[in-house]
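Structural description and commentary
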Amino acid sequence: MRSKDGDTQARRLAAGLAVETTASFPNPAQDYFEGHVSLDRNLIKHPASTYVLRVGSEALVNLGIHPGDELLVDRSLPPRPGTVVVVVHDGEHRIGRFQIIEGRAVLVTDLEEIPLTVDVEPWGVATILIHHLLPGERTARAPGRRGAGGGE
Amino acid sequence: MFVSVERVLDPTLGSAPVVVLSNNDGCAVSRSDEAKQLGVAMGQPWFEIRERPHLAGVVGCSSNYEEYGAFSSRFHATIATLAAGVEVYSVDESFVTLPRTDPAAAAAQIQDRVRRWTGLPTAAGIGATKTLAKVAQRHAKDIHQPLVDLTSWTPAEVDQLLAATPVSEVWGIGDRLTRGLAPLGIHTALDLARANAGVLRRRWSVVLERTARELGGVACMPVGFVPADRKQLMYSRMLGATVSTKTEMRQVLTAYAATAARRLRAHGLEAALLQTWISSSRFREHPLHHSVTVALDPPTADPAEIIRAAYAVLPHMREGHDYNRAGILLTSLTPAGAQPLLWETQDPAQAKSRRQLAAAVDDISTKFGRHTIGYGSTGLRTPPRWQMRRERLSPPATTSWDQLLTVR
């Protein structure tokens, strides 16, 4: 079933958009329903600068950030003390808590402290942590294993 | 831009000599400054680069179009957060209208935000016209500066730059025009700016006249210009491996025609004419080239019909000969559904079921991804032997959930 603008009913229903009703009386919800709650719209304030990264180590396990989790990282936000930030250090993307210790900026993890000198670029600030509660439901492969299926 | 994206995805490439390779990992199409300094030429074949001892450290990356498209989207979206009048010109270029007072500060702010949000360094040029802005941008890249603002230069300084710019490097001037302008004594951008506008328009086109006037500081092409209607749609690629059987060539034509048809539908167009060709390497002793033109009546965007029409070249193919290229060209394009049919040349029930089939394939592709379903062998997951070789591909770290950029 195709409507005038070429969009199928199936596509619109799948996208959570309103569809035309065939009854001769009007749909009382038509002026009110604007769409379901959207994760993208609510969790991503700046789409152009927000990236999804996968956690590949136990550096911040004590903050509840586990290997295999995803992080939404916004490159438009400046690092502030206490926030979880991503930096590029020695050619690698690293996470840690941003702190000012004795006047110096430092990246703190459960395992080490990395001083943030001029060479160490802040990459972005983590805003949202995605942790999957159901085992084996992820399509993602755990980092470091190529070609492995889901299920832990 | 391509090298810059590779460096964002893999920070270890930061100061290495890096090149991005063309389709089938053929030649260097994007080079980092370090690679240029080592002497890697634009378009230099990869096999040559690998052989030279002094180029042993050069890292070659296959074209990661998936990621370049993603970063292009971010690049343009970021610029749009700071500027209202934006014209998305190409994958990595935008024209932006800046405020008259202190445009350099506005440009620097945009460049800074692009750097922070995407990691991409940029070169920018400011001018009174788009053509001058392009000259300025080219100059910025030449002198390794992020920004050149011609509106802050004296007219004499601008003239000096135009006099030092060969006309072939002016936006819109290709080889043929360069050769055509030479007898008139037009060799530099300054010559073109000073040439008689009327002569340019009469002997060539109003487009050339506009370019000349723009070089002189008169804006003729507004930012946000709407491109003219497409006249043709072509999909032609060199094969990743030579094909010598009709069975395999039919697969190639199916894939190429399906892609051309998908683009046609994406643009809301239909085609009335299709040209299909296959050829072998021109470096061979006896290269072959076969081309057939087929009328599509009525004009269509239906993948099944376009694929079937593309097969028209197969009877001309010589089995056993190694072909390395195929192509599809769709012309006589009209907006889809524009022409009411004068008479039905096909069974309406069949036409309807074809449309439903095409729509269903579209829906499945949109929902599950392009490689979920396809016509004929294009629906198979195993990539075909002849598919474009990209053997040095970086992971699709921002476009694939399974291969996301990882933090340690």
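Definitions and limits used
Every residue gets a number counted from 1 within its own chain, in the order that chain's sequence is written. Each chain gets a letter, beginning with A, and each ligand a number, beginning with 1, in the order they are written. The predicted origin of the model limits local features to residues at a pLDDT of at least 70 and limits the giving and counting of side-chain atom pairs to 80 or more, whereas totals for whole chains, interfaces and linings rest on all residues. Remark: hydrogens and water are excluded; side-chain values derive from all non-hydrogen atoms of the structure. Residues count as neighbours in contact if any of their non-hydrogen atoms are within 4.5 Å of one another. When two parts are brought into contact, each loses some accessible area as probed by a 1.4 Å sphere; the total of that loss over both is the buried area. In what follows, salt bridge is the name for a side-chain nitrogen of Lys or Arg lying within 4 Å of a carboxyl oxygen of Asp or Glu. Think of a nonpolar core as a cluster: buried Ala, Val, Leu, Ile, Met, Phe, Trp, Tyr and Cys residues, connected wherever their side-chain atoms sit within 4.5 Å. The rule is simple: take the accessible area with a 1.4 Å probe, protein chains only, and divide by the maximum for that residue type; under 20% is buried, over 50% is exposed, in between is partly exposed. Helix and strand definitions follow DSSP, with helices as H or I runs of at least four residues and strands as E runs of at least two, each counted in order from the N terminus. Pairing between strands is defined by DSSP: at least two bridges between them are needed. Note on geometry: axes are lines fitted to C-alpha atoms, helical ones only across the stretch in contact, with angles between N-to-C directions running from 0 to 180 degrees. Any angle that is under 35 degrees is reported as roughly parallel, and any over 145 degrees as roughly antiparallel; angles of 65 to 115 degrees are reported as roughly perpendicular and all others as oblique. Each crossing gets its handedness from the near helix: less than a right angle anticlockwise from the far helix is left-handed, clockwise is right-handed. Classes in brief: Ala, Val, Leu, Ile, Met, Phe, Trp, Tyr, Cys and Pro nonpolar; Asp, Glu, Lys and Arg charged; the others, Gly included, polar. Polar contacts, as used here, are pairs of N or O atoms within 3.5 Å; protein pairs need one atom able to donate a hydrogen and one able to accept it. Residues neighboring in sequence count only if both atoms are side-chain atoms. In this analysis, the expected span of each helix is defined as 1.5 Å times one less than the number of residues it contains. One confidence number per residue, pLDDT, is output by the predictor and ranges from 0 to 100. Our working definition of a disulfide is a cysteine sulfur pair at a distance within 2.5 Å.

A closer look at the interface of chain B and chain A
The interface of chain B with chain A comprises 26 residues on the first partner and 31 residues on the second. Overall, the association of chain B and chain A removes approximately 2,600 Å² of surface from exposure, summing both partners, and the carbon and sulfur fraction of that is 53%. Per-residue buried area on chain B facing chain A is highest for B:Trp117, B:Val407 and B:Arg408; these three make up 32% of the total on that side. The interface formed by chain B and chain A holds one salt bridge in total.

Observations concerning the nonpolar core
Formed by 40 residues in total, the largest nonpolar core has its most connected members in B:Met249, B:Leu253, B:Tyr256, B:Leu264, B:Ile328 and B:Leu330. Elements with a minimum of two residues in this core: β8 (232-243), α12 (246-266), β9 (269-279), β10 (289-300), α13 (303-310), β11 (323-335) and α14 (348-368) of chain B. By residue number, the principal contributor to this core is α12(B), which donates 10 residues. In this structure B:Leu330 touches B:Lys231, B:Gln232, B:Leu233, B:Ala260, B:Leu264, B:Ala271, B:Leu273, B:Leu274, B:Leu296 and B:Ile306, once residues within four positions along its chain are discounted. A:Leu60, B:Val8, B:Ala397 and B:Val407 belong to the second-largest nonpolar core, a separate cluster that totals 34 residues.

Considerations on the sheet that holds strand β1 (residues 18-21) of chain B
Residues and elements named next belong to chain B. Strand order in the open sheet made by the three strands is β2-β1-β3, with mixed pairing throughout. Two strands in the sheet have a free side with no partner beyond their single neighbour: β2 (28-31) and β3 (59-61). Between one strand axis and the next, the sheet turns through 30 degrees on average, direction left out of account. Examined bridge by bridge, β1 and β2 share three bridges and lie antiparallel to one another. What sits directly across from leucine 21, in β2, is alanine 28.

Thoughts on the packing of helix α4 (residues 65-80) of chain B against helix α5 (residues 103-118) of chain B
Residue and element names in this part refer to chain B. Between α4 and α5, the shortest axis-to-axis distance is 9 Å and the interhelical angle comes to 140 degrees. Put simply, α4 runs oblique to α5. Note that α4 runs across α5; the crossing there is right-handed. Side by side, α4 and α5 meet where Phe71, Arg74, Phe75, Thr78 and Ile79 of the first sit next to Ile110, Arg113, Val114, Trp117 and Thr118 of the second. For the contact of α4 with α5, the residue count by class is six nonpolar, two polar and two charged.

Some points on the side chain of B:His290
All names here are of chain B. Locating histidine 290 in the fold gives a position in strand β10. On the accessibility criterion, histidine 290 (14% relative accessible area) is buried. Within the structure, histidine 290 has its side chain in polar contact with the side chain of tyrosine 323 (distance 2.8 Å).

Looking at the pattern of salt bridges
All names here are of chain B. Summed over all chains, the structure comprises 17 salt bridges over all chains. Put simply, arginine 116 and aspartate 112 hold a salt bridge, and the shortest N to O gap is 3.1 Å. Of the two residues, arginine 116 and aspartate 112 are both situated in helix α5; the distance of four residues between them amounts to about one turn of the helix. Glutamate 209 is the partner of arginine 201 in a salt bridge, and the nearest nitrogen-oxygen pair spans 3.0 Å. For arginine 201, a relative accessible area of 39% corresponds to the partly exposed category. Here the salt bridges share partners, and the residues they tie into one network are Arg201, Glu209 and Arg213.

Here's the deal with α4(B)
A turn of α-helix holds 3.6 residues, and therefore any two residues three or four places apart point the same way. Helix length check: α4(B) (16 residues) gives 22 Å between terminal C-alpha atoms against 22 Å at 1.5 Å per residue, within 8%. B:Glu67, B:Tyr68, B:Ala70, B:Phe71, B:Ser72, B:Arg74, B:Phe75, B:His76, B:Thr78 and B:Ile79 are the residues of α4(B) that are buried. Contact partners of the buried residues in α4(B): β1 (50-55) of chain A together with α1 (2-9), β1, β4 (86-90), β5 (93-96) and α5 of chain B.

A look at the confidence of the model for chain B
Chain-level pLDDT for chain B is 92 on average; 98% of the residues reach the 70-or-more range. Two numbers describe this predicted complex: its pTM, 0.87, and its ipTM, 0.84.

Brief notes about the state of the cysteines
According to the stated counting rule, one finds zero disulfides over all chains in the structure shown. The cysteine B:Cys27 is free of any disulfide, with B:Cys61 supplying the nearest cysteine sulfur at 15 Å.

A short note on the sheet that holds strand β12 (residues 406-407) of chain B
In spatial order, the strands read β6(A)-β5(A)-β4(A)-β3(A)-β7(A)-β2(A)-β1(A)-β12(B); together these eight strands make up an open sheet with mixed pairing. Each edge of the sheet is formed by a strand with only one pairing partner; in this case those strands are β6 (113-115) of chain A together with β12 of chain B. With five bridges joining them, strand β2 (residues 70-74) of chain A and strand β7 (residues 121-130) of chain A adopt antiparallel strand pairing. When the sheet's bridge partners are listed, A:Val73 is paired in β7(A) with A:Ala126.

Some points on the environment of A:Ala10
Considering the arrangement of structural elements, one finds A:Ala10 in helix α1 (residues 9-14). Sequence separation of A:Ala10 and A:Ile130 is 120 residues, and the distance between their C-alpha atoms is 29 Å.

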